[in-house]
Amino acid sequence: MPITAAEADKILAENFAPWVLELGLSVTETGERHSVLRLPWSDRLAREGGGLSGQALMAAADTATVIALSSALGGFGPMTTIQQSTSFQRAVLGRDVLVTARVTKLGRRLAFTDVTLTAEGEQEPAAHATTVYAFPG
């Protein structure tokens, strides 16, 4: 059974490093094999030229993956990022970003996800990531 958005917010608060929490991520949706998080715009996360930094987008994608996997598994458990590949497609300027992570394969030891990062109000993604996670055991 998937976790609720409130349960996912609790997972964020209890299991992520303080610097990740400072991104201000919030969970807007969870489902059987996905999550949607909001990364709020902040001047602190902008790089020279005013675009949202790639590091913030990658951290948001990684965090959304943990929430999507937790939802698919029915709760949080130990897991480790073993690969993330991100393609940046357009700058995000002055807008929140919706981060949608979808589990494409959930095995006993490995999980694979696709993550789309889209500036609020836009149709085209700002970035796309793929991740691979490992479960201990």
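Above this text is the structure in question.
A brief look at the structure comes next. Predicted model only: the values in this text are computed from it and were never measured. (Residues numbered from 1 in each chain as written. Predicted model: local features only at pLDDT ≥ 70, side-chain atom pairs only at ≥ 80, totals over all residues. Heavy atoms only, no water.)

Turning our eyes to something else, we now look at the sheet that holds strand β6 (residues 127-134). Across the sheet, which stays open at both edges, the six strands sit in the order β1-β2-β4-β5-β6-β3 with antiparallel pairing between neighbours. Strands at the two margins of the open sheet, each flanked by one partner only, are β1 (26-30) and β3 (80-88). Looking at each pair of strands side by side, their axes are set apart by 20 degrees on average, direction ignored. Judged from the eight bridges that link them, β3 and β6 form a sheet pairing that is antiparallel. (Pairing = 2+ DSSP bridges. Helix = DSSP H or I, 4+ residues; strand = E, 2+ residues; numbered from the N terminus. Axes fitted to C-alpha atoms, helices over the stretch in contact; angles between N-to-C directions.)

Within the secondary structure, H128 is located in strand β6. Note on H128: relative accessible area 27%, which makes it partly exposed. When the C-alpha positions of H128 and A91 are compared, they lie 12 Å apart, and in sequence the two are 37 residues distant. If we ignore the near neighbours within four places in the chain, the residues touching H128 are S85, T86, S87, Q89, D114, V115, T116 and L117. (Buried < 20%, exposed > 50% of the residue type's maximum accessible area, 1.4 Å probe, protein only. Contact = heavy atoms within 4.5 Å.)

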